[in-house]
Amino acid sequence: MNTVTTEQVTLEDHVNAATEVAFLLDIFAATVDTIMGGATASVGRIAGREMARKLPIHLTNPTLDEAVALLGSRMKAGYVFRLEGEGAERSLIFDHCVLRDVCAQRGLDMGAALCRLFHAYLDGIVNELVCRPVKSEVVSCGEQCRLKLRTQ
C-alpha cells in the first residue's frame, strides 16, 4: 500500500507521471491506429459520444458555439480552443494543447495518430451535445493548430 500524500509529491514525481502518461497515450493511439487503420476515427467518435452521455451537463437545443464554449471551459487545464467563422464549415483553433507537449516529448509528428484520435474523440463529444454529425479535419499544426469543422 502506498502511503504518499499529496503534500509529499515532488516536482520530480509530476515529471515522472507526465512522462508515463505521454508514453501510455503514444502506445494507445499507435495501437488503435495499427489495429483499426481507417476505422480509427470511428473508434474516437464512438468513445466521444459515450463520454458526452456521461458529462454532468444538460443543454437544451445547444448551438455549436455553446457546445464548444462549454467544452473549452471544462478542458481548460490542458486545452485552449475557439471557433472561427460562420455556417456549416468553421475553423476550430487550438491555441494551447497538452497533446503538443506529448508529441514533443515522444518525438511524434503533430497531426498524426494521437492527434487524429483525439480530434475524432472531440468530434464525438460535440456530435452528441449538438445532436448532429460533426467532423474535423486538421488543416495545420504548430504553435496553433487549425481544424476545419463541418456540421450538418
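Heads up: the structure comes first, above all this text.
The present account deals with the structure reproduced in this document. Not measured: the values here are computed from a predicted model. (Residues numbered from 1 in each chain as written. Predicted model: local features only at pLDDT ≥ 70, side-chain atom pairs only at ≥ 80, totals over all residues. Heavy atoms only, no water.)

On to helix H1 (residues 11–36), then. Relative to the 38 Å expected for 26 residues at 1.5 Å per residue, H1 spans 37 Å between its end C-alpha atoms, a close match to the ideal helical length. If you check which residues of H1 are buried, you get Ala22, Asp26, Ala29 and Val32. Looking at the buried positions of H1, the neighbouring elements they touch are helix H2 (40–54), helix H4 (98–106) and helix H5 (113–130). (Helix = DSSP H or I, 4+ residues; strand = E, 2+ residues; numbered from the N terminus. Expected span 1.5 Å × (residues − 1). Buried < 20%, exposed > 50% of the residue type's maximum accessible area, 1.4 Å probe, protein only. Contact = heavy atoms within 4.5 Å.)

Under the counting rule described, the total for this entry stands at 4 aromatic pairs. With a centroid separation of 6.5 Å and an interplanar angle of 80°, the aromatic rings of Tyr79 and Phe94 are classed as edge-to-face. One end of the pair, Tyr79, is in strand S1 (residues 79–84); the other, Phe94, is in strand S2 (residues 89–97), and 15 residues separate them in sequence. Here Phe94 falls in the buried class, since its relative accessible area comes to 1%. With centroids separated by 6.2 Å and ring planes inclined at 75°, the aromatic side chains of Phe94 and Phe118 adopt a geometry described as edge-to-face. Of this pair, Phe94 sits in strand S2 while Phe118 is found in helix H5, placing the two residues 24 residues apart along the sequence. Among the aromatic side chains, those forming a connected cluster through ring pairs are Tyr79, Phe81, Phe94 and Phe118. (Phe/Tyr/Trp six-rings, centres within 6.5 Å; stacked < 30°, edge-to-face > 60°.)

What follows concerns the pattern of salt bridges. Taken as a whole and judged by the stated rule, the model has 10 salt bridges. Among the ionic pairs, Lys54 bridges to Glu50, the shortest N-O distance being 3.8 Å. Here Lys54 pairs with Glu50, and both are found in helix H2, just 4 residues apart, close to one helical turn. A salt bridge links Asp95 to Arg82; its shortest N-O distance comes to 2.9 Å. Taken together, the residues span a long stretch of sequence, with Asp95 in strand S2 and Arg82 in strand S1 at a distance of 13 residues. Given a relative accessible area of 32%, Arg82 falls into the partly exposed group. Several salt bridges converge on common partners, so that one network encompasses Glu50, Arg53, Lys54 and Glu128. (Salt bridge = Lys/Arg side-chain N within 4 Å of Asp/Glu carboxyl O.)

Any functional reading would require information beyond the geometric quantities listed.
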